[in-house]
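# Per-entry structural report
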Amino acid sequence: MQPLNHQQTAAYYTLGCKLNFAETSTIARQLSDEGFARVDFENGADVYVINTCSVTEQADKKCRNIVRRALGHNPEAFIAVVGCYAQLKPSTIAEIDGVDVVLGANEKFNIAEYIDPSRKHLETLIRNSHIKETKEFIPSWSAGDRTRSFLKIQDGCDYFCSFCTIPLARGRSRSGSVTQVIQNAREISAQGIKEIVLTGVNIGDFKNDQGERFIDVVKALDQEVSIHRLRISSIEPDLLSEEIINTVAASDRFMPHFHIPLQSGSDTLLKAMRRRYDTELYRSRIEYIRSVLPEACIGVDVIVGYPGETEDEFLKTVEFLKSLDVSYLHVFTYSERPNTTAIRSSEKVDMGIRQQRNKILRMLSLKKQRAFYEKYQGRTMRVLLEDNAIDGRMHGFTENYIKVSLPYDPKQGNQIIDVRLDKLNSDGVYECVSLEQEKILT
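One structure accompanies this document, and this report is about it. In this text the structure is predicted, and so the values were computed from the model without any measurement. (Residues numbered from 1 in each chain as written. Predicted model: local features only at pLDDT ≥ 70, side-chain atom pairs only at ≥ 80, totals over all residues. Heavy atoms only, no water.)

### Details of the pairing of strand E15 (residues 328–333)
As a reminder, the rule being used: A pair of strands is labelled paired if DSSP reports no fewer than 2 bridges between them. A run of H or I in DSSP counts as a helix once it spans at least four residues, and a run of E counts as a strand once it spans at least two, with each numbered from the N terminus. If you view a crossover with the strands going away from you and the path from the first strand over the helix to the second runs clockwise, you call it right-handed.
Relative to E15, strand E14 (residues 297–304) is paired through 6 bridges, and the arrangement is parallel. In the sheet register, Val-302 faces E15, and the bridge partner there is Val-331. In this fold, E14 hands off to helix H11 (residues 311–323), which returns the chain to E15; that crossover is right-handed.

### Regarding helix H10 (residues 279–292)
Defined as follows: Take the number of residues in a helix, subtract one, and multiply by 1.5 Å to get its expected span. Note on exposure labels: buried denotes an accessible area under 20% of the residue type's maximum, exposed denotes more than 50%, and partly exposed covers the range between, all computed with a 1.4 Å probe on protein chains only.
The terminal C-alpha atoms of H10 lie 20 Å apart, and with 14 residues this matches the ideal 20 Å at 1.5 Å per residue to within 8%. Within H10, burial applies to Thr-279, Tyr-282, Arg-285, Ile-286, Tyr-288, Ile-289 and Arg-290.

### A few points about the sheet that holds strand E1 (residues 9–14)
Stated formally: We call two residues in contact when some of their heavy atoms are within 4.5 Å. Here an axis means a line fitted to C-alpha atoms, over the contact stretch when the element is a helix, while the angle between two N-to-C directions is reported on a 0 to 180 degree scale.
Across the sheet, which stays open at both edges, the 6 strands sit in the order E2-E1-E3-E4-E5-E6 with parallel pairing between neighbours. Looking at the sheet topology across the chains shown, the edges are occupied by strand E2 (37–38) and strand E6 (125–127). Two elements, E1 and E2, share 2 bridges in a ladder whose sense is parallel. Each residue of the ladder has a partner; that of Ala-10, found in E2, is Arg-38. Most of the contacts of helix H1 (residues 18–33) go to E1, to which it runs at about 170°, and overall it touches E1, E2, strand E3 (47–52) and strand E4 (78–83).

### Observations regarding the packing of aromatic side chains
Formally: Working definition: a ring pair exists when centres of Phe, Tyr or Trp rings (six-membered ring for Trp) sit within 6.5 Å. Plane angles under 30 degrees give stacked, over 60 give edge-to-face, the rest tilted.
All told, the structure shown has 11 aromatic pairs when counted by the stated rule. Ring geometry for Phe-163 and Tyr-306: centres 6.5 Å apart, planes at 85°, overall edge-to-face. Residue Phe-163 is found in the loop between strand E9 (154–155) and helix H5 (166–170), and its partner Tyr-306 is found in the loop between E14 and H11; the two are separated by 143 residues along the sequence. The same class applies to Phe-163 as to Tyr-306, namely buried. Both rings, one in Tyr-328 and one in Tyr-401, keep their centres 6.5 Å apart while their planes meet at 40°; by these two values the pair is tilted. Remark: Tyr-401 occurs in the loop between strand E17 (393–398) and strand E18 (403–407) and Tyr-328 occurs in strand E15; sequence separation between them is 73 residues.

### Describing the layout of surface pockets
Put simply, the test is: A cavity here means a set of points on a 1 Å grid, drawn over the protein atoms and nothing else, where a 1.4 Å probe fits but cannot get out; a pocket is an open set with protein on both sides within 12 Å along at least five of seven lines, and a residue lines either one if it has an atom within 4 Å of a point. Grid points are joined across faces, edges and corners, and a volume is the space filled by probe spheres set on the points. Residue polarity follows a fixed list, in which Ala, Val, Leu, Ile, Met, Phe, Trp, Tyr, Cys and Pro are nonpolar, Asp, Glu, Lys and Arg are charged, and the others, Gly among them, are polar.
Each pocket or cavity is described by its volume, and for the second largest pocket that value is around 340 Å³. Taken together, 14 residues make up the lining of the second largest pocket; nearest its centre are Thr-14, Phe-21, Ser-25, Arg-38 and Ala-143. Of all the secondary-structure elements, those providing two or more residues to the lining of the second largest pocket are E1, H1 and strand E8 (148–152). In terms of residue class, the lining of the second largest pocket is made up of 5 nonpolar, 6 polar and 3 charged.

### Observations regarding the nonpolar core
One broad rule of soluble globular proteins: the nonpolar side chains tend to lie buried together. As a reminder of what qualifies: Nonpolar cores are built from buried Ala, Val, Leu, Ile, Met, Phe, Trp, Tyr and Cys residues. Side-chain atoms within 4.5 Å join them into one set.
In terms of nonpolar packing, the biggest core is built from 54 residues, with Phe-214, Leu-221, Ile-232 and Leu-361 touching the most fellow members. Among the elements that make up this core, the one with the highest residue count is helix H7 (residues 214–224) (6 residues). The residues contacting Phe-214, other than those within four sequence positions of it, are Ile-153, Leu-198, Ile-203, Gly-204, Phe-206, Ile-232, Ile-235 and Ile-244.

### Structural notes on the pattern of salt bridges
Going by this rule: The rule for a salt bridge is simple: a side-chain nitrogen of Lys or Arg has to be within 4 Å of a carboxyl oxygen of Asp or Glu.
Per the stated rule, a full pass over the model turns up 29 salt bridges. Across the pair Lys-375 and Asp-325 runs a salt bridge whose closest N-O atoms are separated by 3.8 Å. With Lys-375 in the loop between helix H12 (351–374) and strand E16 (380–385) and Asp-325 in the loop between H11 and E15, this pair connects stretches of sequence that are 50 residues apart. Asp-325 gets classed as partly exposed once you look at its relative accessible area, which sits at 37%. Salt-bridge contacts for Asp-418 lead to Arg-382; the nearest nitrogen and oxygen are separated by 3.2 Å. With Asp-418 in strand E19 (residues 416–420) and Arg-382 in strand E16, the pair connects residues that are 36 residues apart, well separated along the chain. Judged by its relative accessible area of 38%, Arg-382 falls in the partly exposed class.

### A short note on the sheet that holds strand E7 (residues 140–141)
Pairing within the open sheet is mixed, and its 4 strands lie in the order E7-E8-E11-E12. Two strands close off the open sheet at either side, each with one partner strand: E7 and strand E12 (229–232). When E8 meets strand E11 (residues 195–199), the two strands line up parallel, connected through 5 bridges. Paired with Ser-149 across the bridge in E11 is Ile-196. Its contacts with the sheet place H7 against E11 and E12, and it is angled at close to 165° to E12.

### Thoughts on the side chain of Asp-205
Note on placement: Asp-205 falls in the loop between E11 and H7. With sequence-adjacent residues up to four places away left out, Asp-205 is seen in contact with Asp-158, Ser-173, Ser-175 and Leu-239.

### Brief notes about the environment of Asp-155
Relative to the assigned elements, Asp-155 resides in strand E9. The exposure class assigned to Asp-155 is buried, which follows from its relative accessible area of 3%. For the pair formed by Asp-155 and Phe-320, sequence separation is 165 residues and the distance between their alpha carbons is 31 Å. Setting aside chain neighbours within four positions, we find Asp-155 in contact with Leu-19, Glu-23, Phe-137, Arg-170, Arg-172, Ser-173, Arg-174 and Val-201.

Structure, rendered in structure tokens:
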């Protein structure tokens, strides 16, 4: 990095998952230590860092649009593109007008070494090691939202599902230590943040040379960190053990909320996808959660239009999901990804059919979520409120992830308060007043 003649500014844009948000925050802290003041994206920064995702084709396309937007705010800005797309397709990114440096998975956390505004308008610099060289675990956590933080505890994946590029973009599964996780969580808590969301590529696969596993992380956080709320982000069903579920059920800090990828309700397709479970195991996980945490929120990932998904196989997914006591779905339309096994299949599903099936499952998700929400109408529940106001209202979530909306009160931002769930609006959000506000009104 060239010496700074004046304090330069940097802005950031994150595409993709919670893990990317955690890593962007870490990169921002690194550049802040190097003298770059963080500014809003629209403020015409000297340096723009774009952290990319490549899970879907749409995420790929967004990269070009974000570069254009950055240059629209400052045509002379130094543009650095990092992340999963940068690892998979560095040459493609380098061809985008205005991009100055492209950094792969092994280089992105050394970004300060590559920022050199004097190189603007020169040939794009690509630093992109083979993914097999990416072996170090770099801990990360997100900042900027006073209410919650995404804490990265694991990276990479050893599963190599047939549709997924993440092992190619992030490398093999790797983790730090439980001690490191606890230290990071305490740093987060010291900033006044009230909720930590554990994140990673495959967090249930947390492991290290000391023999520590994900259950050790869960137990240590529950016992050793003074924070109001902890959540587990997406976790594979074959790695979600009864011991983990029991620990969450017995905890005052871990919230009753699980997000468990399914991908398909057809065992034939699960096998083709190279998933490590079948529908029987998946159902058993849902039923066990309900037996010990009856009020838990359970989210599900599902893919439509995977090669070989006939009408009969899709209907198996629909019926399986209908039979499960789950709370909402995240529905993804299958998109062909280079260098995956699935792309070689000749049993492709027409894109129009994929989109139609996506719509069907999204409608099912809305019905599931509304039914889950309606169970709690009239109940008083604890809600962590966010700081920001939207159209004069503030939002927050109950412990079991029900979204509520209240009239804006700056004193209640980043506070956990009692709220009665009164009116469920057409957007699937409870419009409420806090018990404290209700006393004032009456």
